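Tertiary structure, described
Listed below are the residues making up each chain.
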Amino acid sequence: MRTGRHGVPEEGPKIDSGNVMHAWLRDLFPVNRSLMGPGVRETLQYLVHLVPSIERHSIETGTEVNDWVVPYEWRIRDAFIADKKGRRLINFQENNLHVVGYSTRIDAIVERSELDGHLHSLPDLPNAIPYVTSYYNPTWGFCLTENQRSSLPDGPLRVVIDSDFVHGTLDYGDLVIPGESKNEVMLTSYICHPSMANNELSGPVVLAALARWLLSLPQRRYTYRLVWAPETLGAIAYLASHLDHLRRNVVAGWVLTCIGDEGDYSHVASRRGNTLSDRIAAAVLRSEFEPHRFYSYLDRGSDERQWCYPNVDLPMSSIMRTKYGEFKQYHTSLDDTTFVTPAGLAGGFELARRCIEVLELNIPWRANTVGEPQMGRRDLYPTLSTTATAGDSRPLMNVLAYCDGQHDVLDITEMTGLPLESVLSALRTLRSVEVIGL
Amino acid sequence: MRTGRHGVPEEGPKIDSGNVMHAWLRDLFPVNRSLMGPGVRETLQYLVHLVPSIERHSIETGTEVNDWVVPYEWRIRDAFIADKKGRRLINFQENNLHVVGYSTRIDAIVERSELDGHLHSLPDLPNAIPYVTSYYNPTWGFCLTENQRSSLPDGPLRVVIDSDFVHGTLDYGDLVIPGESKNEVMLTSYICHPSMANNELSGPVVLAALARWLLSLPQRRYTYRLVWAPETLGAIAYLASHLDHLRRNVVAGWVLTCIGDEGDYSHVASRRGNTLSDRIAAAVLRSEFEPHRFYSYLDRGSDERQWCYPNVDLPMSSIMRTKYGEFKQYHTSLDDTTFVTPAGLAGGFELARRCIEVLELNIPWRANTVGEPQMGRRDLYPTLSTTATAGDSRPLMNVLAYCDGQHDVLDITEMTGLPLESVLSALRTLRSVEVIGL
Amino acid sequence: MRTGRHGVPEEGPKIDSGNVMHAWLRDLFPVNRSLMGPGVRETLQYLVHLVPSIERHSIETGTEVNDWVVPYEWRIRDAFIADKKGRRLINFQENNLHVVGYSTRIDAIVERSELDGHLHSLPDLPNAIPYVTSYYNPTWGFCLTENQRSSLPDGPLRVVIDSDFVHGTLDYGDLVIPGESKNEVMLTSYICHPSMANNELSGPVVLAALARWLLSLPQRRYTYRLVWAPETLGAIAYLASHLDHLRRNVVAGWVLTCIGDEGDYSHVASRRGNTLSDRIAAAVLRSEFEPHRFYSYLDRGSDERQWCYPNVDLPMSSIMRTKYGEFKQYHTSLDDTTFVTPAGLAGGFELARRCIEVLELNIPWRANTVGEPQMGRRDLYPTLSTTATAGDSRPLMNVLAYCDGQHDVLDITEMTGLPLESVLSALRTLRSVEVIGL
């Protein structure tokens, strides 16, 4: 079998294109996801279609998960605000963001002034419908553009939300891809937002592509654990049943979020800030992904809040393109399938893939000889010693000098000041002539 | 019992005002203290009157204390320089700084030129009488203002010092205030200078007020050890009898000195520079006391020289207002009861009190839950999730994120970049809803 | 016996002058050294004449030394390029650099064009003969100045290299000078270059002078191991037979190279960069040798490549004047006995000597007393305490403050900010009055 760089077969690995990922995203976009309910299950079913080995799990309403209780499922069939002639002015059927998530049932004629406290719009983004939820406090509300709000008539309006709450399940999917070691790399994203593309669909879609790529590799040093679950409660529920295992086995991992736009590549550090995940992501970003930004854990906002929580303390950080909250479309109807692009998704996928590739190779290699090996007879050192040939082999010899079983690839990259890819290339050469080993 | 912040009864603790401390200081100012003798004992008696539980101790002349021997007591009744008509030109009765401390007895008619080698004045401060001592080398001398010196007549003068040296005692006082833990916080100042207000009376007076405040607290986590002893020899003598105990028990502490003027708040680091005492004082100064200055141990000059000496190595630093040697009045008659003010003393007391308060709370708290707790049902998180409400709870959640049993309050303050008081406030909130514990 | 600073007899130690060392260097300059052969043995014999206790060792051709095999000795008797009239245009008898080291035998009439690929010259240094070797790949060649090359006639030329390869030995010398401790300081240089003065003869010559000085000292805390061996292969061969001993015993050491010109004093760090050797050399350079330069291990180029190699990992760095490769004369005939000067050699020797002296004194001293000692009765503190006398004893007391058995002389130098010599002087004083000890 022909193998390319990193010892991986050259045509073997499956890398889905940005266009392919974008098509998946467009398929999933209209589904009305929420914390729990049919939208989550429909999304998982689609992901299983892409990656058949994903396993689906459900946790019943009422189950205690750590400090929380799994609530009822929210079922919504219809919702609108209509004028006295019955014309729908705001219509859930047109955009599922129009209703506050987990709104209670209502069918009433209300005065405009009475309605106002139940309306959510964004004066600074007059064409955007905001995304609002109230999972744990019973209330109802409508989200609409500022322009729609201004054009609502003064008179009494009919508001209908045809929803109810049923005993149901919190659903999530996971996939464990075994490797040579039981040490695990955990990769997660979340599935609980209605029609928004960067936050959230880019995450689950890139994670699906990573699953397909990882499964296609002939070998993996680490075991990979991939999780698609509703944000926050899904992560907390996952911890309730997997905490001991995760604490024992997870050595690195990343949350994937907002990973499909074309903005700067970004990293949100783990709680400790210096885990293997942080170091790998920082090295990859610095050497291969420009422009990029680094954020502190103090700026966190996704499931690293749970994975890194004190009593959990997994060594995980988050990778993304423009960070949540840093793009104006965030949590609005403007976060759509045009804001996320095939190129944006492809870039996000590549960032995650390179983090994994570097992690797989990030071994503290050991020199095999006592004193320098005779590189000349291995064609890696000029046999004729002149001032002109001095220095040609320096990068290679500098990498070799730190193959002492105590410094990993990231250390050597930093210590030699060489580009990450040059270090990886030197290590491949040194390994091929057997002057270094594990 | 009503309790205020820090779990301390709101009106319970006794905080003596700056005016009260200044009145004590004025009472003690005229006493003619020296290394040993009646002045030290009179000062201790006054302190016992303020804090009856202070215990007095005496060490006899001739006792070996580590590398030193307790010398004789110096008794001085009168001293003057008089002209041929018997008029007192320089008079110990007017200012006890006029005589070099531990001067030997003399009664002689001397030529002006002969006298000159025994005179001490400060050309740069022509109205100041300098403070000079010669504890261990027998000599005599007079201190006077530069103006007085210039106006001394040329002719022969009578010099009289009516002093002698007697077998006596080195006296000091200490007070141990028990707390929940046997771990001790040591607070010290010194009592061996004649009539000077900032260096030294501000120290013993603020220490007395701290004793009264500590005794009034309903509970203390630490045990407090307060020491009022002559500088250097008193501290060395204290070490001679307490070294093992102190080394085993003292976890923090501060020397109080020059703590009653209105200049910058200052800190002189411990020998190690990074003890708990250093960290607490630096955090308190940075967050609450402006302007402030930090000095290295290389600039030390008081009893931290003994407490931090290599074979002693207590984790103690020094807190003060303007550092000794940095104000022109230092060790002169200008360091009087107008240079030290009620406001200056109140500020110095408050600095010490806040250091102790923060120390008492500086615990590595632990989160109680696995994954984030449901803050919404505790009214600590917005139940309606919109972009507008995001961020409100961030400071609280950031403090919580580092309650991992490994970072104390100072660490969290540094890691979150929040003001110290905000961190303390967040911890009080988190503790009240029981999401953190010890 | 009268002793001077550092407890060393004042006239006892033998310090060879720069002129003496330069005379040795001029004696050794014409010898035609190579990796192996009579030139190396002649050089060793001269060194034994200077330092009779040096032991000579030989390793036979064909012996495996780690990853290498000791090659044949190269014997060269004559070599020239002659015109058709037999006139020698390039003549090995005039300069042994004219022949590529380890050139194979040839006697042929060749066309100019055919010859060209076997000629080495330096267009940028038209008067310099470059130094070229091909130890492990059989070839032949001539080195000549660019000017000589341009004036070679067009027609056929006779090239003669009268060399052959014989079963022989790799030769080196070493010397172990015992001290109070079995811990060793290793000092090395190399002997394998033909007629060049700074690289290489300055190194072996200064090392010989250090041997004579070390042997003349009445006592040494450390054992010293000095090695004169061919570069690279000699070091690797030395490791083959001494690795375990060296790893167990060597606590510091320096490679001496290019140490006889008058350029900047330089240091090439060890692989770890923070060994005792690095710290000593940096402190000595910073305090006593200006101007100086610091280079990273990434810029290495001599036997520290072997001594510091991962599986060897001795705590050794390199000291020199202008670094190899940084002076234009490097590896050419311009590196001659005028480029190296008596003053240059004397400065290089002094740098090495001071490193050793500081290393010998670099002890974590311990204060003997509990609390400060009474310095006044030891005449080390003013007995009269005035603001004028405060501070006189501060440097001494600051050094004393860190004699805690945990900080060595280098630490104290850094912590106090005092010049290295002031710290050493303070320690001598403190030791003389017995307030510090081991």
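The structure reproduced in this document is the subject of the present report. (Residues numbered from 1 in each chain as written. Chains lettered and ligands numbered in written order. Predicted model: local features only at pLDDT ≥ 70, side-chain atom pairs only at ≥ 80, totals over all residues. Heavy atoms only, no water.)

1. Brief notes about the interface of chain C and chain A
- The partner chain A presents 27 residues to the 30 residues of chain C that form the contact.
- Between chain C and chain A, the buried area comes to about 2,500 Å², and carbon and sulfur atoms account for 47% of it.
- Taken together, the connections running from chain C to chain A amount to four salt bridges.
- The partner of Arg305(C) in a salt bridge is Glu372(A), with the nearest N and O atoms 2.8 Å apart.
- Between the two partners, chain C and chain A, sit 19 residue pairs in polar contact (both at pLDDT 80 or more). (Contact = heavy atoms within 4.5 Å. Buried area = accessible area lost by both parts, 1.4 Å probe. Salt bridge = Lys/Arg side-chain N within 4 Å of Asp/Glu carboxyl O. Polar contact = N/O pair within 3.5 Å; in protein donor to acceptor, adjacent residues only side chain to side chain.)

2. Quick word on the packing of helix H5 (residues 197-216) of chain B against helix H9 (residues 342-361) of chain B
All names here are of chain B.
- Running from N to C, H5 and H9 point in directions that differ by 50°, and their axes come no closer than 10 Å. Classified by the interaxial angle, the pair formed by H5 and H9 is oblique. Like other packed secondary-structure pairs, H5 and H9 cross with a definite hand, here right-handed. Residue-level contacts link Ser202, Val206, Ala209, Leu210, Trp213 and Leu214 of H5 to Leu345, Gly348, Phe349, Ala352, Arg353, Ile356 and Glu357 of H9. (Axes fitted to C-alpha atoms, helices over the stretch in contact; angles between N-to-C directions. Helix = DSSP H or I, 4+ residues; strand = E, 2+ residues; numbered from the N terminus. Parallel < 35°, antiparallel > 145°, perpendicular 65-115°, else oblique. Left-handed = near helix turned anticlockwise from the far one by under 90°.)

3. A few points about the packing of helix H7 (residues 276-288) of chain C against helix H9 (residues 342-361) of chain C
All names here are of chain C.
- At a minimum axis distance of 9 Å, the contact between H7 and H9 shows a crossing angle of 120°. As for the relative orientation of H7 and H9, their crossing is right-handed in sense. Taking contact as the criterion, the partners of Leu276, Ile280, Ala281, Val284, Leu285 and Glu288 in H7 are, on H9, Leu351, Arg354, Cys355, Val358 and Leu359.

4. Focus: the sheet that holds strand E12 (residues 223-229) of chain A
Residue and element names in this part refer to chain A.
- Read across the open sheet, the eight strands follow the order E1-E10-E12-E11-E13-E16-E14-E15; overall the sheet is mixed. The open sheet has two edge strands with one neighbour each: strand E1 (55-60) and strand E15 (292-295). The sheet shows a mean angle of 20° between the axes of neighbouring strands, direction not considered.
- Examined bridge by bridge, strand E11 (residues 184-190) and strand E13 (residues 250-256) share five bridges and lie parallel to one another. Of the residues in E13, the one forming a bridge with Val185 is Ala252.
- Against the sheet, helix H7 (residues 276-288) touches E13, strand E14 (265-268), E15 and strand E16 (316-320), its axis set at about 55° to E13. (Pairing = 2+ DSSP bridges.)

5. Quick look at the relation of the copies chain B and chain A
- Overlaying chain B with chain A gives an RMSD of 0.2 Å, the required rotation being 120° about an axis along which the chain moves by 0.0 Å. Accordingly, the operation relating the two chain copies is best matched by a three-fold axis. Within chain B, Asn274(B) has its C-alpha nearest the rotation axis, a separation of 13 Å. (Least-squares fit on C-alpha atoms with pLDDT ≥ 70 in both.)

6. Considering the interface of chain B and chain A
- On the chain A side, the residues contacting the 27 residues of chain B number 29 residues.
- For the pair chain B and chain A, the summed buried surface comes to about 2,500 Å²; carbon and sulfur atoms form 47% of the total.
- Looking only at chain B, the three residues that lose the most surface to chain A are Val370(B), Glu372(B) and Gln374(B), adding up to 28% of its buried area.
- Joining chain B to chain A, the criterion identifies four salt bridges.

7. Quick notes on the pairing of strand E12 (residues 223-229) of chain C
Residue and element names in this part refer to chain C.
- Across the seven residues of E12, seven count as buried, placing the element largely inside the fold.
- Side chains Thr223, Arg225, Val227 and Ala229 project from E12 onto one buried face, and the interleaved Tyr224, Leu226 and Trp228 project onto a second face that is buried too.
- Where strand E11 (residues 184-190) lies against E12, seven bridges are found, and the strand directions are parallel. The residue of E12 that forms the bridge with Tyr190 is Ala229.
- Between the parallel pair E11 and E12, the chain is carried across by helix H5 (residues 197-216), and the sense of this crossover is right-handed. (Buried < 20%, exposed > 50% of the residue type's maximum accessible area, 1.4 Å probe, protein only. Right-handed = clockwise from strand over helix to strand, strands pointing away.)

8. Observations regarding the pattern of salt bridges
Residue and element names in this part refer to chain B.
- Inspection of the entire model under this criterion finds 87 salt bridges over all chains.
- In this structure, Glu357 engages Arg353 in a salt bridge whose closest nitrogen and oxygen atoms are separated by 2.7 Å. Of this pair, Glu357 and Arg353 both sit in helix H9, four residues apart, which is roughly one turn of the helix. For the pair shown, Glu357 and Arg353 are each scored as buried.

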